[in-house]
Amino acid sequence: MKILENKRELDELLAKIRTNGTKIGLIPTMGSIHNGHLSLVENSMKENFFSITSIFVNPTQFNDLKDFKKYPQNKKQDIEKLNTVKCDAVFFPQIEELYPEGIKRKKTISKYRDILCDKFRPGHFDGVTTVVKSLFDIVTPDAVFFGEKDFQQLKIIKELIKKNNLPIQLIDCPSVRSKNGMSLSSRYNNFNTNLEIKEWLKNSAFLIDNLCKEYSLDELYICGGTISADAKDSIY
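About the thresholds
- Residues numbered from 1 in each chain as written.
- Predicted model: local features only at pLDDT ≥ 70, side-chain atom pairs only at ≥ 80, totals over all residues.
- Heavy atoms only, no water.
- Helix = DSSP H or I, 4+ residues; strand = E, 2+ residues; numbered from the N terminus.
- Buried < 20%, exposed > 50% of the residue type's maximum accessible area, 1.4 Å probe, protein only.
- Contact = heavy atoms within 4.5 Å.
- Areas by Shrake-Rupley, 256 points an atom, 1.4 Å probe, with all protein chains shown as cover.
- Core = buried A, V, L, I, M, F, W, Y, C linked by side-chain atoms within 4.5 Å.
- Pairing = 2+ DSSP bridges.
- Axes fitted to C-alpha atoms, helices over the stretch in contact; angles between N-to-C directions.
- Parallel < 35°, antiparallel > 145°, perpendicular 65-115°, else oblique.
- Left-handed = near helix turned anticlockwise from the far one by under 90°.
- Nonpolar A, V, L, I, M, F, W, Y, C, P; charged D, E, K, R; others polar.
- Expected span 1.5 Å × (residues − 1).
- Arc of directions from axis to C-beta.
- pLDDT = per-residue confidence, 0-100.
- Right-handed = clockwise from strand over helix to strand, strands pointing away.

Q: Looking at this structure, how should I read the overall build of the protein chain?
A: When you go through the protein chain residue by residue, the secondary structure sums to 10 helices and 6 strands. Here the protein chain, with 236 residues, has 50% of them falling under the buried criterion. Taking contacts inside the protein chain between residues at least 6 apart in sequence as the whole, the part at least 24 apart equals 77%. Looking at the protein chain as shown, the accessible area adds up to about 12,400 Å², and 51% of this sits on carbon and sulfur atoms.

Quick look at the structure:
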């Protein structure tokens, strides 16, 4: 697996790959790789894409600086896990490469906004679309792979591709769940005890109850995916 530490190294690799007509599959992540991420890589490889996993903890999608600072990171472990599925390359972009005009987010997508996750985390999806668009510009993939777990995000990224008329195929993949039924998430690494998980589920049940009071089932399906025990994942 190629380990790419900056755009220059990526460009050199892409120049070689493109010469023989090989197509590029991008798997954008914030690291703390788990089986859900690995399933995206495997789906990319099954489709015969040269599979590049990007790892970048994006500051503009966090509303809380403390949350950003405590986001789980383990570069060595991430590389080891990606090696287990024979990912072709892992790309660690530099912040100035993704934000050449300074660290700021832009609101470019209005559809599927001001509801669900976006209602509780203003500016979050502006940060997501800003960094994803930068990744698209740098990597120029033929396809990008996202999990269905973050369903509202999936819809917004589709709109981003459509609005910018990008020649990128978005391939959405089924969620990978743990034994307790929750979709896997990097944030679970911050849970230290079963008590914390139980408290998280308690809060999730409260949020689901309030979402069902505020939105119709059709609205929840269209904009938020499935109503499940991990609905908080779409909000926090």
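Q: I keep staring at the side chain of Gln61 and nothing clicks. Help me out?
A: Relative to the elements of secondary structure, Gln61 occurs in the loop between strand E3 (50-55) and helix H3 (65-69). Those residues in contact with Gln61 that lie beyond four places of it in its chain are Met30, Arg105, Arg121, His124, Gly127, Val128 and Val131.

Q: What exactly am I supposed to notice about the nonpolar core here?
A: Side chains of a nonpolar character, in soluble globular proteins, are inclined to be buried together. The biggest cluster of nonpolar side chains holds 35 residues, and the ones touching the most others in it are Ile52, Phe136 and Ile157. Elements that contribute at least two residues to this core include exactly helix H1 (7-18), strand E2 (24-29), E3, strand E4 (89-91), helix H7 (124-139), strand E5 (143-147) and helix H8 (151-163). Here this core takes 8 residues from H7, the largest share from any one element. In this structure, Ile52 is in contact with Leu10, Leu14, Ile24, Gly25, Leu26, Ile27, Ala89, Phe91 and Val139, ignoring residues within four places of it in sequence. Ranked by size, the runner-up nonpolar core spans 17 residues in total, among them Ile27, Ile79, Phe92 and Cys173.

Q: I would appreciate a short explanation of the sheet that holds strand E1 (residues 2-4) in the present structure.
A: Either a parallel or an antiparallel arrangement is found when strands of a sheet pair, and the pairing is made through backbone hydrogen bonds. Pairing within the open sheet is parallel, and its 6 strands lie in the order E1-E4-E3-E2-E5-E6. The outermost strands of the open sheet, each flanked by one partner alone, are E1 and strand E6 (169-173). Pairwise comparison of adjacent strand axes, ignoring direction, gives a mean angle of 25° for this sheet. One ladder, built from 5 bridges, connects E5 with E6; its direction is parallel. Bridging from a neighbouring strand, Phe146 pairs with Asp172 of E6. The strands touched by helix H4 (residues 75-84) within the sheet are E1, E3 and E4, with E3 carrying the most contacts at an inclination of about 160°.

Q: Help me out: how do you make sense of the packing of H7 against H8 in this one?
A: Relative to each other, H7 and H8 sit at 50°, their axes nearing to 11 Å. Classified by the interaxial angle, the pair formed by H7 and H8 is oblique. Crossing of H7 over H8 shows right-handed handedness. Contacts between H7 and H8 involve Phe125, Val128, Thr129, Val132, Lys133 and Phe136 on the former and, on the latter, Gln152, Gln153, Ile156, Ile157, Leu160 and Ile161. The residue makeup of the contact of H7 with H8, split by class, is 8 nonpolar, 3 polar and 1 charged.

Q: Explanation requested: H7 in the structure shown.
A: Given 3.6 residues per helical turn, the α-helix brings residues three or four places apart onto the same face. Taking 1.5 Å as the rise per residue, H7 with 16 residues should run 22 Å; its terminal C-alpha atoms sit 23 Å apart, in good agreement. Summarising burial for H7: 14 of the 16 residues are buried, a large majority. Phi turns positive, to about 45°, at Thr140, one or two residues after H7.

Q: Where do I start with H4 in this structure?
A: When H4 is considered as a whole, its buried residues turn out to be Asp78, Ile79 and Leu82. Buried residues in H4, looked at end-on, bunch into an arc of 100°, giving them a common side. Away from its buried face by more than 90 degrees, H4 exposes Lys76 and Thr84. For H4, the secondary structure elements touched by its buried residues are E1, helix H2 (35-46), E3 and E4. Just downstream of H4 lies Lys86, where phi reads positive at about 60°.

Q: I keep staring at the confidence of the model for the protein chain and nothing clicks. Help me out?
A: Low-pLDDT portions of the prediction should not be read for the details of their coordinates. Of the residues in the protein chain, 75% have a pLDDT of 70 or more, and the chain-wide mean is 83. Contacts for the low-pLDDT stretch residues 221-236, under 50 throughout, to residues beyond four places or in other chains number 52 contacts.

Q: Would you mind showing me how to read the pairing of E3 here?
A: Consecutive residues of a regular strand have side chains that alternate between opposite faces of the sheet. For E3, the tally of buried residues reaches 6 of 6 residues, placing the bulk of the element in the interior. Bridging between E2 and E3 involves 6 bridges; their strand directions are parallel. The residue bridging Ile24 from the neighbouring strand is Phe50, located in E3. Handedness of the crossover joining E2 and E3 through H2 is recorded here as right-handed. Two strands pair when backbone bridges link them, and E3 and E4 are joined in this way by 3 bridges, in the parallel orientation. Each bridged residue has a counterpart across the sheet, and for Thr53 the counterpart in E4 is Val90.

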